[in-house]
Amino acid sequence: MRTYHTPLDLVRERPPERPVAIARPDAVAVAARWFQENFKGDVFYAVKANPSPWVIKALVENGVTSFDVASVPEIELVAQHAPGSRMAFMHPVKSRAAIAAAYFDHGVKTFSLDTHEELEKILAATQGAKDLNLIVRLGVAAEGAAYSLAGKFGVDPHQAPGLLLAARRATQDLMGVSFHVGSQCMRPTAYQAAMTQASRALVRAGVFADVVDVGGGFPSVYPGMVPPDLADYMDSIDRGFAEMMVHETTELWCEPGRALVAEGSSILTKVELKKGDALYLNDGSYGSLFDAAHTKWPFPVKLLRSENGEAKEVDGPLKPYRFWGPTCDSLDHMPGPFWLPEDVREGDYVEIGMLGAYGVAMNTRFNGYGDAETVEASDAPMASMYGLARRSIPVPRQENQNVVKLSRARGKKRRRK
């Protein structure tokens, strides 16, 4: 990748005609080290958040060498760019062929499940292997997530004891529990509450768990969504784990995605047309802006301009805009509001920040669009959970522009003691 100090340097050198993904490996490195230092267990990166090879390499270089994978292509991706890393196949519904390929071709031994049928499938596809790590996905009641993941996966609390007992009997290695409190969880105590529910299920089943996997959901910071310190989430998990009915060697796992990579990328888009309060861009919901369209998140933005051989960041009075993407589909709409200077012109560039999670990962080629170039930048992200940002995020009426800053190391990884 070509490296620039800032996206403005790219615009100054060669104003791009297609969208450009701006990679910031340094931001990923800081997040990876924070989780290594502060989460008292094993960190599995949720590859689905951003499967870019540069992300995987940056994580490995900074101590995250375990990966939560959801498909054979993700397994192959990790095997290629992080050979020898530990992988956990945490999708609760898998094909028999995928299970067999994971186990026999790639040495994956950790599998998630939430039904007796899936347990039987895993055992059959691995030819009755006894060295499996079987993780039962529990359905938990959790509040405070910006994007709920309840409903699709997770065994019902009334059915959990029977499934936990069956999983315990099916393996001679690790049996554990997992759950997901929802994406962009804004309430740290949701983890402690979910761990209490998991503990009750284990007690009713009469089994001990070798693994407690608290899943993902760790948040990042966006306009209008400034979560508590990540340290508060670690405290909640520590309290929940201490109260669980587990044995001394029980392992604690987590599966962060967004919190590790959200700050690691932005997208540079070009304004093709201004129509009132609407800006028509060359990227949209079928490209890197899925969340901006479907969850209606107003990501932070900057306005850059190139004219007469000069490039600059445009300042001035702000007004709210909405975005339209380049496709002919009316669903390609990002309502925002996105706060930009009033003086937006055709040919300007809008840098949309905090898109390292579920940005390029959601990209399609619909209508012939979506082909984004990737370059690297060494500047800070627009906002940070780790104290990296040099500026705050514009929000409606320019209120609440604080950047979250966190304290550093609070302890080393450990098992339960």
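Residues numbered from 1 in each chain as written. Predicted model: local features only at pLDDT ≥ 70, side-chain atom pairs only at ≥ 80, totals over all residues. Heavy atoms only, no water.

## Points about the domain arrangement of the chain
Moving on, step 1. Taken domain by domain, the chain comprises domain 1 (25-261) and domain 2 (263-377).
Moving on, step 2. With 19 residues of domain 1 at the contact, the number on the domain 2 side is 17 residues.
Moving on, step 3. For the pair domain 1 and domain 2, the summed buried surface comes to about 1,500 Å²; carbon and sulfur atoms form 64% of the total.
Moving on, step 4. Ranking the residues of domain 1 by area buried against domain 2 places Tyr222, Pro223 and Arg258 at the top, with a combined share of 30%.
Moving on, step 5. Linking domain 1 to domain 2 there are zero salt bridges.
Moving on, step 6. Run the count over domain 1 and domain 2 and you get four residue pairs in polar contact (both at pLDDT 80 or more).
Moving on, step 7. Ranked by residue count, the leading element in the side of domain 1 that touches domain 2 is helix 2 (residues 25-38), at three residues.
Moving on, step 8. Looking at the side of domain 1 that touches domain 2 residue by residue, the class counts come to 13 nonpolar, four polar and two charged. (Domains from an automatic or database assignment. Contact = heavy atoms within 4.5 Å. Buried area = accessible area lost by both parts, 1.4 Å probe. Salt bridge = Lys/Arg side-chain N within 4 Å of Asp/Glu carboxyl O. Polar contact = N/O pair within 3.5 Å; in protein donor to acceptor, adjacent residues only side chain to side chain. Helix = DSSP H or I, 4+ residues; strand = E, 2+ residues; numbered from the N terminus. Nonpolar A, V, L, I, M, F, W, Y, C, P; charged D, E, K, R; others polar.)

## Here's the deal with the side chain of glutamate 351
Moving on, step 1. With respect to the helices and strands, glutamate 351 occurs in strand 19 (residues 349-352).
Moving on, step 2. A polar atom in the side chain of glutamate 351 sits 3.0 Å from the side chain of arginine 24.
Moving on, step 3. Within the structure, the side chain of glutamate 351 is placed 2.7 Å from the side chain of serine 266, a separation counted as a polar contact.
Moving on, step 4. Each residue touching glutamate 351, except ones within four places of it in the same chain, is listed here: Pro7, Arg24, Ser266, Ile267, Leu268, Pro300, Val301, Lys302 and Met382.

## Things to note about unusual backbone geometry
Moving on, step 1. In the segment running from glycine 336 into proline 337, the intervening peptide bond is cis, with an omega of 5°.
Moving on, step 2. The backbone phi angle of glutamine 127 is positive, close to 60°, even though this residue is not glycine.
Moving on, step 3. Its place among the elements puts glutamine 127 in the loop between helix 6 (116-125) and strand 7 (133-137).
Moving on, step 4. Take glutamine 127: its relative accessible area is 67%, and that puts it in the exposed class.
Moving on, step 5. Its identity is not glycine, yet lysine 296 carries a phi of approximately 60°, on the positive side. (Buried < 20%, exposed > 50% of the residue type's maximum accessible area, 1.4 Å probe, protein only.)

## A look at the pattern of salt bridges
Moving on, step 1. Counted by the stated rule, this structure contains 20 salt bridges.
Moving on, step 2. The salt bridge partner of arginine 322 is aspartate 277, with a shortest N-O separation of 3.1 Å. You can see arginine 322 sitting in strand 17 (residues 318-324) and its partner aspartate 277 sitting in the loop between strand 13 (265-275) and strand 14 (278-281), a full 45 residues away along the chain.
Moving on, step 3. Here arginine 322 falls in the partly exposed class, since its relative accessible area comes to 28%.

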